[in-house]
Amino acid sequence: MMALRTSPEQGPTKNASVETTKLVVSQPKTLRAITEMVDALQAAPERVSELLGEDRSGDLGGASAGTGLAAGQGSAGQSARDIAIATMPSDTATLQRQLAKHIEQEVNHLRRIARKNGRGSRPGEAFRLNQIYARIRRLNALLKELFEASIDVLKRLFIRVFIDKQSII
């Protein structure tokens with residue numbers, strides 16, 4: 001359909017055929033719906049809920065976890081995480097005490113696992129035992145640094161452990 005014409009002065013040039021000059025691009029139907037909604041908003045903003053309904057015919061669906069209000073979400077639009085952060089203790093000693101208790105519980109749990117896994121002689125058991133002891137050492141080092149940490153570090157660690165339910169290390 002397209003022919004290349006070469007000339008020494010101009011280099012290769014393309015001849016446009018009749019089909020390519022009359023190429024028409026049409027917009028999808030969803031764009032039309034969006035423009036109609038915008039026009040309706042501009043025309044009568046107080047009647048938007050009466051004029052426009054939600055059309056779910058093109059909705060692909062999916063999990064409904066992100067569509068509704070989160071559990072514990074108030075009318076102010078705060079998430080449960082924001083509410084928990086707002087209600088967390090601001091006292092340094094309380095934060096240190098709760099974090100220390102959590103770290104000690106995790107160390108005791110890891111020691112029980114190490115005791116149980118130390119008896120086996122399966123392949124890779126020594127590696128897993130070494131990983132457990134390395135984690136215990138890191139947790140003990142963190143426990144020592146916890147009492148010298150600033151309040152900002154304590155708050156971030158508290159949020160990570162108790163609110164976001166993430167591991168310490």
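For the structure itself, consult the block above.
1. Topic: helix α7 (residues 151-163)
The terminal C-alpha atoms of α7 lie 17 Å apart, and with 13 residues this matches the ideal 18 Å at 1.5 Å per residue to within 8%. Within α7, burial applies to L154, L157, F158, I159, V161 and I163. Looking at the packing, one finds that the buried side of α7 touches α4 (80-86), α5 (92-117) and α6 (125-146). K165 lies just past α7 and shows a positive phi near 55°.

2. Observations regarding unusual backbone geometry
In this model, K165 sits at a positive phi of 55°, which is unusual for a non-glycine residue. Mapped onto the elements, K165 comes out in the segment after α7.

3. Some thoughts on the packing of α5 against α7
For the pair α5 and α7, the least separation of the axes is 10 Å and the interaxial angle reads 45°. Classified by the angle between their axes, α5 and α7 sit oblique to one another. As α5 runs across α7, the sense of the crossing is left-handed. Between α5, through T92, L95, Q96, Q98, L99 and H102, and α7, the contact on the second element is made entirely by I151, L154, K155, L157, F158, V161 and F162. Residue classes in the contact of α5 with α7 are distributed as 8 nonpolar, 4 polar and 1 charged.

4. Examining α6
Over its 22 residues, α6 runs 31 Å from end to end, which matches the ideal 32 Å to within 8%, given 1.5 Å per residue. What α6 keeps buried is the set E125, I132, A134, I136, L139, L142, L143 and L146. Where the residues of α6 are buried, they touch α5 and α7.

Calculation criteria
- Residues numbered from 1 in each chain as written.
- Predicted model: local features only at pLDDT ≥ 70, side-chain atom pairs only at ≥ 80, totals over all residues.
- Heavy atoms only, no water.
- Helix = DSSP H or I, 4+ residues; strand = E, 2+ residues; numbered from the N terminus.
- Expected span 1.5 Å × (residues − 1).
- Buried < 20%, exposed > 50% of the residue type's maximum accessible area, 1.4 Å probe, protein only.
- Contact = heavy atoms within 4.5 Å.
- Axes fitted to C-alpha atoms, helices over the stretch in contact; angles between N-to-C directions.
- Parallel < 35°, antiparallel > 145°, perpendicular 65-115°, else oblique.
- Left-handed = near helix turned anticlockwise from the far one by under 90°.
- Nonpolar A, V, L, I, M, F, W, Y, C, P; charged D, E, K, R; others polar.

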